[in-house]
Amino acid sequence: MISFIRYLKNTKLAIGQIKNGEWIAHANGCDGQIYSAHRNGHVLWIANGPFFCEIVEMDGVICKKAFGFILRHVVWWAGARKLRGVKTVLPIPDLDS
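Residues numbered from 1 in each chain as written. Predicted model: local features only at pLDDT ≥ 70, side-chain atom pairs only at ≥ 80, totals over all residues. Heavy atoms only, no water.

Turning our attention to the packing of aromatic side chains. Scanning the model with the defined rule gives two aromatic pairs in all. Here the aromatic rings of Tyr35 and Trp45 are separated by 6.0 Å at their centres, their planes lie at 20 degrees, and the arrangement is stacked. With Tyr35 in strand β2 (residues 34–39) and Trp45 in strand β3 (residues 42–45), this residue pair connects regions lying 10 residues apart in the sequence. You can call Tyr35 partly exposed: its relative accessible area is 26%. (Phe/Tyr/Trp six-rings, centres within 6.5 Å; stacked < 30°, edge-to-face > 60°. Helix = DSSP H or I, 4+ residues; strand = E, 2+ residues; numbered from the N terminus. Buried < 20%, exposed > 50% of the residue type's maximum accessible area, 1.4 Å probe, protein only.)

The pairing of strands in a sheet comes from backbone hydrogen bonds and takes either a parallel or an antiparallel form. Strand order in this open sheet of five strands is β1-β2-β3-β4-β5, and the pairing throughout is antiparallel. Each having just a single partner strand, β1 (24–27) and β5 (61–62) make up the two edges of the open sheet. Examined bridge by bridge, β1 and β2 share four bridges and lie antiparallel to one another. Looking at the pairing, Ala25 lines up with Ala37 of β2. On top of the sheet, helix α2 (residues 69–84) reaches β1, β2, β3 and β4 (54–58); it is set at about 100 degrees to β2, its chief contact. (Pairing = 2+ DSSP bridges. Contact = heavy atoms within 4.5 Å. Axes fitted to C-alpha atoms, helices over the stretch in contact; angles between N-to-C directions.)

Everything listed is a geometric property; what it means functionally is a separate question.
See the structure below:
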C-alpha cells in the first residue's frame, strides 16, 4: 500500500506537470469528447470528474492508484478539469483497414 506522503508527492507532481502543459488531452475518435490526458506513456483519466481522476495506465500496463481518493479531487480542481475544455483535433480515421 502506498503511503499518504507518496500520494501527496504524486499529487504535487501531477499538478505541476498539468500547469506546465506536459499532459496532452486526447479526444475520442467517435464522439470527440476528451476522456484522458497522456504524458510519456502515462494515462490520466479525466472523463468522469474528480471521483475518478487518476493515473490508470503506465506504458500500457494498468497500475495502482497514484493519488488516493481525497487527493484525486485536488488534482481535478487544481488543473485536470481545464484539460477537459481544451479544443482538440479529432484523429483522422484509417479507412483502409
